[in-house]
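# Descriptive analysis of the structure
Each chain is listed here by its residues.
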Amino acid sequence: MTDDLPPELEAFVTGLRTTPSANAALRERVLASARGLGVPRRSRLPVPRSLLIGLAAVLAVLVLRRHPEGRDPARPVPFVLMAPKAVRVSIVGDFNDWDQAATPLQRAGEHTWWVVVNLPPGRYRYSFVLDGTHWVADPAAPRAADNDFGAESSVVTILGKGS
Amino acid sequence: MTPTDGEVIARVLAGDVDAYGIIVDRYHGRFARFATRMLGSREDAEEALQDALIRAYRALGAYQHRERFAAWFYRILVNRCRSVLAQRQRRRAVEEPTADEDTPTSDAGFVGREQATWLLSRLPADQREVFLLRYVEDLSYADIAAITGVGESALKMRVKRGLEQLRQLLRQGNDD
């Protein structure tokens, strides 16, 4: 039992610690979905940082252009944050399953961090993570009203064709 | 020998999709417990857990710290639970316990799971979340901060408020 738990609450916590029994139906539904999805794509190969920055710049330019008809609707979305004191910055959100390691930002100059993420049309909640622990919302985007437990997050909406 | 999470994930990425079942079996109990306690509904918890497991599967290839699967998965599950609670709020379809709702009691006091679940439902969702991660899931404040995105000092304040509220509820229940 956690040592800072008041003694009068120990029985209460014990009542909450029972674990649900195995759920064969849920297991099978998850595996059926996994089979349908196929083998997950592996992470990208490591590439030099300079190449990443160049690629991000190209994608940022592309975002200003109209997306061609009939192509993959995913489009590059740039995210920028001013965080001069941060040593590292990443972005977590619905699009990368809140994985801090998945989408690091690149430093551009002394104060600015940025990354470009390819997003299909949809609504995404996200936050920036500074130095692995400090979550901050994007000051340049609307706040997400449905994800506020004290961890500020923002929302970005990517419109589809004809939207 | 029991394979580690990293070894299981490597098997999945090598094409053995069904090996993901090992991960599901390994963690179902604790994750289902957290979701059930957080949402107060077995059906909602099952749906949130299933959705989180599928999201995690899809992201397995991009996830690099494979021996830390549980910590990573908690983040996904916590966010799924938050989404469910937010949807409930928006739809106003949930029937939250009301102030005059009968307090479940027993001769033995507040020791049963039913009473514990009722007490937990009285906590605000943000306090309930950190209370569960700290005292039921036995996670450190550093781990909870990484999972929830809330600073450690704010987490400790929530725990303090939650504990105080639970004490009050316990006293009320035992006085009845």
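No experiment lies behind these values; they were computed from the predicted model shown. For every chain, the first residue of the written sequence is number 1, and numbering continues from 1 along that sequence. Chain letters start at A and ligand numbers start at 1, both assigned in the order the entries are written. Per-residue local features are limited, in this predicted model, to residues with pLDDT of at least 70; the limit for side-chain atom pairs, both in listing and counting, is 80 or more; totals at the level of whole chains, interfaces and linings are taken over all residues.

### Let's talk about the overall build of chain A
Put simply, DSSP H or I for four residues or longer makes a helix, DSSP E for two residues or longer makes a strand, and each gets a number counted from the N terminus. When its secondary structure is counted, chain A shows three helices and seven strands. Along chain A, helices and strands appear, N-terminal first, in the series α-α-α-β-β-β-β-β-β-β. Between the buried cut of 20 or more and the exposed cut of 12 or fewer other C-beta atoms within 10 Å of a residue's own C-beta lies the partly exposed class, and all C-beta atoms are placed from the backbone. Within chain A, buried positions represent 26% of all 163 residues. We call two residues in contact when their backbone-placed C-beta atoms lie within 7 Å. For chain A, the proportion of contacts with a sequence separation of at least 24, taken over those separated by at least 6, is 57%.

### Remarks on the overall build of chain B
In terms of helices and strands, chain B carries eight helices and zero strands. Starting at the N terminus, the α and β elements of chain B follow one another as α-α-α-α-α-α-α-α. Within chain B, buried positions represent 43% of all 176 residues. Across chain B, the fraction of contacts at a sequence separation of at least 24, relative to all contacts at a separation of at least 6, is 61%.

### Examining the sheet that holds strand 3 (residues 106-108) of chain A
Residue and element names in this part refer to chain A. Paired strands, in this sense, are two strands between which DSSP finds at least two bridges. If you walk across this open sheet you meet the three strands as 1-4-3, and the pairing is antiparallel. Bordering the open sheet on either side are strand 1 (75-82) and strand 3, each of which pairs with just one other strand. Going across the sheet, the axis of each strand differs from the next one's by a mean of 35°, ignoring polarity. As defined by bridge partners, strand 3 adjoins strand 4 (residues 112-119) across three bridges and the pair is classed as antiparallel. Residue pairing in the sheet places A108 in a bridge with T112 of strand 4. Throughout, an axis means a line fitted to C-alpha atoms (over the contacting stretch in the case of helices), and angles, computed between N-to-C directions, take values from 0 to 180 degrees.

### Thoughts on the nonpolar core
All names here are of chain B. Core analysis: the biggest nonpolar cluster contains 79 residues, and A35, A48, L49, F73, L77 and C81 have the highest contact counts within it. If you tally residues by element for this core, the top one is helix 4 (residues 69-91), at ten residues. Here this core spans two domains, and each of domain 1 (1-94) and domain 2 (103-176) adds at least three residues to it. In contact with A48, other than residues within four places in its own chain, are A35, L39, L77, R80, C81 and V84. By definition, a nonpolar core groups buried Ala, Val, Leu, Ile, Met, Phe, Trp, Tyr and Cys residues that connect through C-beta atoms lying within 7 Å of each other. Note that the domain bounds were set by an automatic or database domain assignment.

### Things to note about helix 2 (residues 20-39) of chain B
To get the bend at a residue, fit one axis to the 7 residues ending there and another to the 7 starting there, then take the angle between the axes. Along helix 2 of chain B, the sharpest kink reaches roughly 55°, centred on H28(B). Positive backbone phi, at 70°, marks G40(B), one or two positions downstream of helix 2 of chain B.

### Some details on the pairing of strand 4 of chain A
Residues and elements named next belong to chain A. Summarising the sheet, strand 1 and strand 4 pair through eight bridges and their orientation is antiparallel. Among the inter-strand pairings, L81 is bridged to a residue of strand 4, identified as W113. In this structure, the hairpin formed by strand 3 and strand 4 is closed by a connection of three residues, where G109 is found at a positive phi of approximately 85°.

### Describing the interface of chain A and chain B
In this assembly, 45 residues from chain A lie in contact with 65 residues from chain B. Per-element tally for the side of chain A that touches chain B: the top contributor is helix 2 (residues 24-37) of chain A, with nine residues. All residues other than Ala, Val, Leu, Ile, Met, Phe, Trp, Tyr, Cys, Pro, Asp, Glu, Lys and Arg, Gly among them, are scored as polar; the first ten of these are nonpolar and the last four charged. A class-by-class count of the residues in the side of chain A that touches chain B yields 22 nonpolar, 13 polar and ten charged.

### A look at the packing of helix 2 of chain B against helix 3 (residues 42-59) of chain B
All names here are of chain B. At their nearest, the axes of helix 2 and helix 3 sit 9 Å apart, and the two run at 140° to each other. Classified by the interaxial angle, the pair formed by helix 2 and helix 3 is oblique. The handedness of the crossing between helix 2 and helix 3 comes out as right-handed. Contact residues: Y20, V24, F31, A32, A35, T36 and L39 in helix 2; R42, D44, A45, A48, L49, L53 and Y57 in helix 3. Working rule for angles: under 35 degrees goes down as roughly parallel, over 145 as roughly antiparallel, 65 to 115 as roughly perpendicular, anything else as oblique. Here a crossing is taken to be left-handed if its near helix is turned anticlockwise relative to the far helix by less than a right angle, and right-handed if that turn runs clockwise.

### Regarding the environment of L166(B)
Among the structural elements, L166(B) can be located in helix 8 (residues 152-175). On the basis of neighbour counts, which here come to 23 C-beta atoms within 10 Å, the residue L166(B) falls in the buried class. Not counting residues up to four positions away in its chain, the partners in contact with L166(B) are L9(A), F12(A) and L119(B).

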